Amino acid sequence: MDKIIVKGPARLSGEVEISPAKNAYLPILAAILLTDKKVTLTNLPKLRDINTMLKLLEMMGVECNRDGKNVTFDASSLSSHEATYELVKTMRASIFVLGPLLSRLGKAKVSLPGGCAIGTRPIDIHLDNLEKMNVKIEMKNGFVFAETDHLTGALVKLKFPSVGATENLMMAGVFADGQTIIENAAMEPEIDDLANFLNSLGAKVSGIGTSRLVIDGVKELNGGTYQAIGDRIEAATYIIGGLMTKSEMTVKNFNPKHLFNVLENLQGMGAKLEIGDNYVKTYPSSLKGSKVITEPFPGFPTDVQAQMVALLTVVEGNSLVTENIFENRFMHVPELTRLGASIEQLGSSVFIEGGRPLTAAPVMCTDLRASAALVLAALCAYGETKIDRVYHLQRGYEDLPEKLQKLGAHVELVNE
Ligand code: EPZ
């Protein structure tokens, strides 16, 4: 089983290149199913979740021709409308194929994703609103069976701005008769990226960047070439790493505007940051505790909550972090406590007594962002920290050990 060994405390320097965003490319990969023309996606990050989605597309009959990190897709001869449990259980984002399969084939059989470490992860918002678009939904033996003779545009008001539901409904609207209006749509930058990708193929999505998306149905889509936006969550992880280790380092190849809520919070804590068009540079800063509440975009992103908790354990002063999006996203807390952090969970919040010196200890990854928090804390902990179950990390952080080594950290991936 792969482990990561991190020697701390570390001082970082130099530059780290951010990869294209996992959470932008996953729905974009599902959208490949919408067209029978060739589409090339460039610089696809080497991530477990990306590979899972590629496997799912190939199982459905999509041709994926790899040329390094560029992949050309040909979905002209789809042979299956099924997303199997084996694949869906490893990656919930497989549910994104529901909308495109209904648009292209009029039917879909997708395994219920089931819960994961951070929560039950229901899909009621996806299904309830697809039914308003003339889709018949049936749940049987752990599968969603969806069928339609033709998708009709509808006004759908989301009870919560679900990222995945917004993406599924957008893709269901691409060929639907008439107009689909999504109110209370999620506004994460990855949603904008999916809409921009679809429009680059000839779709008609408007209201991009707002909570009211309008999709005018078209007859078909063309082919094209596209690269997703830089991964703002990966970028936030490295920026926080630079601040935790009091380093002068540059995080580049992403749009800082996609992280303004995180950057504002960090600056409010005393972080010295240089913010450019496609980079952020950190400087050694003396930080104080903060109050963090996760919310849908443009609020503080839940995917940066664990990394923020790691930062708040090492800065002077007390902090309060409230997680409003997922019901069980504090799995990093007991592991950080093993490194010497003082964190008390009170319902959906954690109270952190900062300024505690961290010392190395064996810890275990539980979910993707919790794993990142452990790596960041290990960079500050005195001694050698062994981090187990790193496959969680490899789902969403491309070449993390190599990127940290390039920044001067002593990080090693070992197979024990
Ligand atoms: C996306 O998940 C991201 N994943 C998550 O990133 C991210 O944490 C989340 O959005 C919120 O920003 C991808 O984009 C692949 P949601 P998604 O639907 O679409 C409830 C990471 O670390 N809900 O916005 O599943 C749900 O239970 C991952 O990269 C319903 O109740 O998130 C949750 O409490 C983790 N019914 C909340 O909404 C539904 O039908 C947010 O879920 C759908 C969601």
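Residues numbered from 1 in each chain as written. Predicted model: local features only at pLDDT ≥ 70, side-chain atom pairs only at ≥ 80, totals over all residues. Heavy atoms only, no water.

**Regarding the layout of surface pockets**
Counted only if it meets this: As defined here, a cavity is a set of points on a 1 Å grid over the protein atoms alone where a 1.4 Å probe fits but cannot get out. A pocket is an open set with protein on both sides within 12 Å along at least five of seven lines, and residues line them when an atom is within 4 Å of a point. Grid points are joined across faces, edges and corners, and a volume is the space filled by probe spheres set on the points. Working definition: helices are DSSP H or I runs of at least four residues, strands are E runs of at least two. Numbering for both runs from the N terminus. Only Asp, Glu, Lys and Arg are considered charged, only Ala, Val, Leu, Ile, Met, Phe, Trp, Tyr, Cys and Pro nonpolar, and every remaining residue, Gly among them, polar.
Here the second largest pocket is characterised by a volume of approximately 390 Å³. Lining of the second largest pocket is provided by 20 residues; of these, M244, K246, V314, C380 and Y382 occupy positions nearest its centre. Residue assignment for the lining of the second largest pocket shows that the elements contributing at least two residues are α8 (232-244) and α12 (368-380). Looking at the lining of the second largest pocket residue by residue, the class counts come to 12 nonpolar, 4 polar and 4 charged.

**Some remarks on empty space enclosed by the protein**
Scanning all chains against the criterion turns up 1 cavity of 30 Å³ or more. Roughly 40 Å³ of internal volume is contained in the largest cavity. Taken together, T237, Y238, A372, V375, L376, L400 and L404 form the lining of the largest cavity. Counting only elements with at least two residues in the lining of the largest cavity, the list comes to α8, α12 and α13 (400-406). Of the residues forming the lining of the largest cavity, the biggest block, 3 residues, is contributed by α12. A breakdown of the residues in the lining of the largest cavity according to their chemical character gives 6 nonpolar, 1 polar and no charged.

**A short note on the site of the ligand**
To be explicit about the condition: We define proximity as follows: a residue is near a molecule or strand when any one of its heavy atoms falls within 4 Å of that partner. Polar contacts, as used here, are pairs of N or O atoms within 3.5 Å; protein pairs need one atom able to donate a hydrogen and one able to accept it. Residues neighboring in sequence count only if both atoms are side-chain atoms. Note that accessible areas follow from Shrake-Rupley with a 1.4 Å probe, and for residues the cover is restricted to the protein chains shown.
In the vicinity of the ligand there are 24 residues, among which D124, I125, S162, D303 and I325 approach most closely. Between K22 and the ligand, the recorded distance is 3.0 Å, taken from a side-chain N or O atom to an oxygen atom. Here a nitrogen atom of the ligand sits 2.7 Å away from a polar atom, N or O, in the side chain of D124. Within the complex, 88% of the 830 Å² of free accessible area of the ligand lies under protein. At the level of secondary structure, the elements contributing two or more residues to the shell around the ligand comprise α1 (22-31), α5 (124-131), α6 (163-173) and α12. When grouped by side-chain class, the residues that make up the shell around the ligand number 12 nonpolar, 5 polar and 7 charged.

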